[in-house]
Amino acid sequence: MTTDDPRLRLLECLDDAASGIGLFDPDDRLRYANRYMREAYGIAAGAFPYWTEMMRNCFQARAGLLIQTNDINSWLRQVAQRRRQTAVRCFESDMVDGRWMRVTETLHNDGWLLTVVTDVTALKAHESMLQQARDQAVQLAITDPLTGLFNRRHVFARLGALFHQARDLRYPLTLAVIDLDHFKQVNDRHGHSVGDAVLVHFAQKLEARRRPLDLVGRIGGEEFLMVLPNTTVQGARQVLARLREDLAQSVPVPAHPDISLSFSSGLAQMNAQDVEAATLYQRADRALYGAKHEGRARDYDDEPPAPVAT
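Since this is a predicted model, take the numbers as computed values, not measurements. (Residues numbered from 1 in each chain as written. Predicted model: local features only at pLDDT ≥ 70, side-chain atom pairs only at ≥ 80, totals over all residues. Heavy atoms only, no water.)

A.B. asks: In this structure, what is going on with the sheet that holds strand S2 (residues 30–33)? I would like to understand it.
C.D. replies: By way of backbone hydrogen bonds, the strands of a sheet pair with one another, either parallel or antiparallel. With antiparallel pairing, the five strands of this open sheet are ordered in space as S2-S1-S5-S4-S3. The open sheet has two edge strands, S2 and strand S3 (88–94), and neither has a second partner. The mean inter-strand angle of the sheet, taken between neighbouring strand axes irrespective of direction, is 20°. Here strand S1 (residues 20–24) runs beside strand S5 (residues 113–119); their pairing, made up of five bridges, is antiparallel. Paired with Ile21 across the strands is Val116, a residue of S5. (Pairing = 2+ DSSP bridges. Helix = DSSP H or I, 4+ residues; strand = E, 2+ residues; numbered from the N terminus. Axes fitted to C-alpha atoms, helices over the stretch in contact; angles between N-to-C directions.)

Here's what the structure looks like:
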């Protein structure tokens with residue numbers, strides 16, 4: 001039934017609104033709730049419960065607001081600490097039926113609290129899709145598409161941070177620049193698809209030997225970088241020795257069992273003369289050439305050999 005009284009007309013419009021509207025008195029008892037609000041929280045027509053009663057009903061009936069707790073009394077106490085503490089409070093709540101609601105509470109000076117509840121499920125779904133798209137874009141930007149390891153740009157960005165962290169905290173940091181031996185021969189004899197399979201196989205073995213704090217990535221065609229925080233050259237040699245054992249016991253490409261893998265590595269441990277990560281990397285890269293010069297399939301560091309006792 002319509003009326004010319006704007007206040008009554010407003011109440012009629014509110015009752016048919018597409019958002020939930022509830023008004024609580026200073027004692028936190030519901031004094032007005034439109035149809036949407038009652039349906040959302042399972043409030044019977046003509047019922048005017050206290051807020052705590054509303055929440056208990058949702059919990060016991062498993063309807064309306066999704067309350068995930070084994071102790072409703074403790075949950076009520078925790079929520080009550082935030083309720084009515086600010087003039088305006090906005091938050092999101094998930095419902096038993098899977099919907100997401102954005103709740104806005106406006107507390108007036110006389111203690112009356114207006115609650116507006118809006119369904120934002122579609123927005124949350126869109127937000128989730130955008131977040132997934134962003135995560136995928138970030139992942140693509142930092143990942144080598146063939147091996148799945150970090151790419152050169154990301155590895156060197158992370159290396160800089162790890163370098164300064166090790167220097168500030170005064171713990172050792174060692175780099176291993178790794179190059180697959182005679183990889184060009186694999187491509188020349190078997191084709192690039194087989195060569196790609198070899199790279200993927202090696203990357204998987206390298207990643208499997210990565211410790212939680214280590215950083216590994218592909219920085220060139222058949223060249224990889226391993227950053228080992230809190231590790232000396234001797235410790236890095238042990239890690240690489242285990243990697244060689246893994247490779248010796250594996251078949252990189254089952255269709256070509258004659259293919260075997262070996263690698264050379266250049267090692268460098270951070271010292272007082274290294275003022276930046278690039279200097280440390282250059283030392284490890286020079287050491288790699290030393291490993292190749294010495295006959296490949298070995299680890300070589302750029303530290304001068306200890307003098308022989310006479």
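A.B. asks: Explain the pattern of salt bridges here, please?
C.D. replies: Pairs can form between side chains of opposite charge once their charged atoms are near each other. Under the criterion given, the structure shown has 17 salt bridges. Salt-bridge contacts for Arg35 lead to Asp15; the nearest nitrogen and oxygen are separated by 3.2 Å. Of this pair, Arg35 sits in helix H2 (residues 35–41) while Asp15 sits in helix H1 (residues 6–15), placing them 20 residues apart in sequence. For the salt bridge of Arg102 with Glu92, the shortest nitrogen-to-oxygen distance reads 2.8 Å. Taken together, the positions of Arg102 in strand S4 (residues 100–107) and Glu92 in strand S3 put the pair ten residues apart, joining distant regions of the chain. Overall, the relative accessible area of 29% leaves Glu92 in the partly exposed class. Several salt bridges converge on common partners, so that one network encompasses Asp28, Arg83, Arg84, Arg89 and Glu105. (Salt bridge = Lys/Arg side-chain N within 4 Å of Asp/Glu carboxyl O. Buried < 20%, exposed > 50% of the residue type's maximum accessible area, 1.4 Å probe, protein only.)

Purely geometric stuff here, so don't read any function into it on its own.
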